[in-house]
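# Chains, contacts and geometry: an overview
Below, each chain spelled out in residue letters.
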Amino acid sequence: TDPKTNSSDMTYFSNIDKPLNIKKLDVSNHPVVKGILKKLNIDDKTVDNVKIVYYPEGSENPLHSDSYAIKDGKAVKFRDWKLTAVLFLNDNFDCGELVYPNQGLIVKPKTGSMIIAPTDFNYAHYVAPTMNGERFSLVFRFYENIYTS
């Protein structure tokens, strides 16, 4: 997919003809995750679906939105998430970029870096195929108010 493509030409949640080869491990209740949230002063009740995501060599994640799908030509919300944060756990592989075509943004994973983005259909994104290695990330999903008062 060309990152410069106009958003009106896109399908935001395409049907996947083949199963994804990525693996996800829920770590929402892990003490390290709880510690990270506490250190960042984030109320853990606003966090959902914290996962380690593993992309074996050759795997990818096609264009999608984290909270919306397209049904009968209209955007339909299927999750109440407002933000997704991706913490890159390694960078010893080729390709595997996180691409936001509507924004013209291509993020090359760098160990320890993080990207935070809205989950709506305007921020549809994909992960390019991972080559010459494996890709690991820690993904957090947040509801609207992520900070404690």
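In what follows, the structure referred to is the one given above.
Below is a summary of the structure that appears in this document. On a predicted model such as this, the values are computed, not experimentally measured, just so you know.

### A short note on the overall build of the chain
- Assigned secondary structure in the chain consists of 1 helix and 13 strands.
- Across the 149 residues of the chain, 40% fall into the buried class.
- Of all intrachain contacts in the chain linking residues separated by at least 6 positions in sequence, the fraction that spans at least 24 positions is 79%.
- As displayed, the chain offers around 8700 Å² of accessible surface, 52% of which is attributable to carbon and sulfur atoms.

### Some remarks on the side chain of Ser65
- Considering the arrangement of structural elements, one finds Ser65 in the loop between β3 (61-64) and β4 (68-71).
- Its relative accessible area of 2% is what places Ser65 among the buried residues.
- Reaching out from Ser65, the side chain makes a polar contact with the backbone nitrogen of Tyr68 at a distance of 3.4 Å.
- Within the structure, the side chain of Ser65 is placed 2.8 Å from the backbone oxygen of Thr119, a separation counted as a polar contact.

### Here's the deal with the environment of Leu89
- Tracing the backbone through its elements, the reader meets Leu89 in the loop between β6 (83-88) and β7 (94-95).
- Judged by its relative accessible area of 36%, Leu89 falls in the partly exposed class.
- Among all residues touching Leu89, those that are not within four sequence positions of it are Thr111, Phe136, Ser137 and Leu138.

### Examining the pairing of strand β5 (residues 74-77)
- The pairing of β4 with β5 spans 4 bridges and is antiparallel. Bridge pairing in β5 places Ala69 opposite Val76.
- The loop that links β4 with its antiparallel partner β5 comprises 2 residues; one of these, Asp72, has a positive phi angle of about 50°.

### Focus: the environment of Arg135
- Structurally, Arg135 can be placed in strand β13 (residues 135-142).
- Filtering out sequence-adjacent residues up to four positions away, Arg135 remains in contact with Val53, Tyr54, Tyr55, Phe88, Asn90, Phe93, Gly96, Leu98, Pro109, Val127 and Thr130.
- Within the local environment of Arg135, its side chain forms a polar contact with the backbone oxygen of Gly96, the two atoms lying 2.9 Å apart.

### Observations concerning the pairing of β13
- Counting buried residues in β13 gives 7 out of 8 residues, a clear majority hidden from the surface.
- Bridging between strand β2 (residues 47-55) and β13 involves 7 bridges; their strand directions are antiparallel. Across the sheet, Val53 pairs through a bridge with Ser137, a residue of β13.
- The pairing of β6 with β13 spans 6 bridges and is classified as antiparallel. Each residue of the ladder has a partner; that of Thr84, found in β13, is Arg141.

### A few points about unusual backbone geometry
- The phi angle at Asn49 is positive, at roughly 60°, despite the residue not being glycine.
- Tracing the sequence through the fold places Asn49 in strand β2.
- For Cys95, which is not glycine, the phi torsion reads 60° and is therefore positive.
- Looking at the element boundaries, Cys95 is found in strand β7.

Cut-offs applied
Within every chain, residues take consecutive numbers counted from 1 along the sequence as written. This being a predicted model, a pLDDT of at least 70 is required before a residue's local features are given, and a value of 80 or more before pairs of side-chain atoms are given or counted; all residues contribute to the totals for chains, interfaces and linings. Water and hydrogen atoms play no part in the side-chain values, which are based on all heavy atoms of the structure. Helix and strand assignments follow DSSP, with helices taken as H or I runs no shorter than four residues and strands as E runs no shorter than two, numbered in order from the N terminus. Whether a residue is buried, partly exposed or exposed follows from its accessible area with a 1.4 Å probe, protein chains only, as a fraction of its type maximum: under 20%, in between, or over 50%, in that order. Here, residues are in contact when the closest pair of their heavy atoms is within 4.5 Å. A 1.4 Å probe and the Shrake-Rupley method give the accessible areas. Residues count as covered only by the protein chains that appear here. Pairs of N or O atoms within 3.5 Å make up the polar contacts considered here, provided that, within protein, one atom can donate a hydrogen while the other can accept it, and that residues adjacent in sequence are counted only when both atoms are side-chain atoms. Here the rule is simple: two strands pair whenever DSSP picks up at least two bridges between them.

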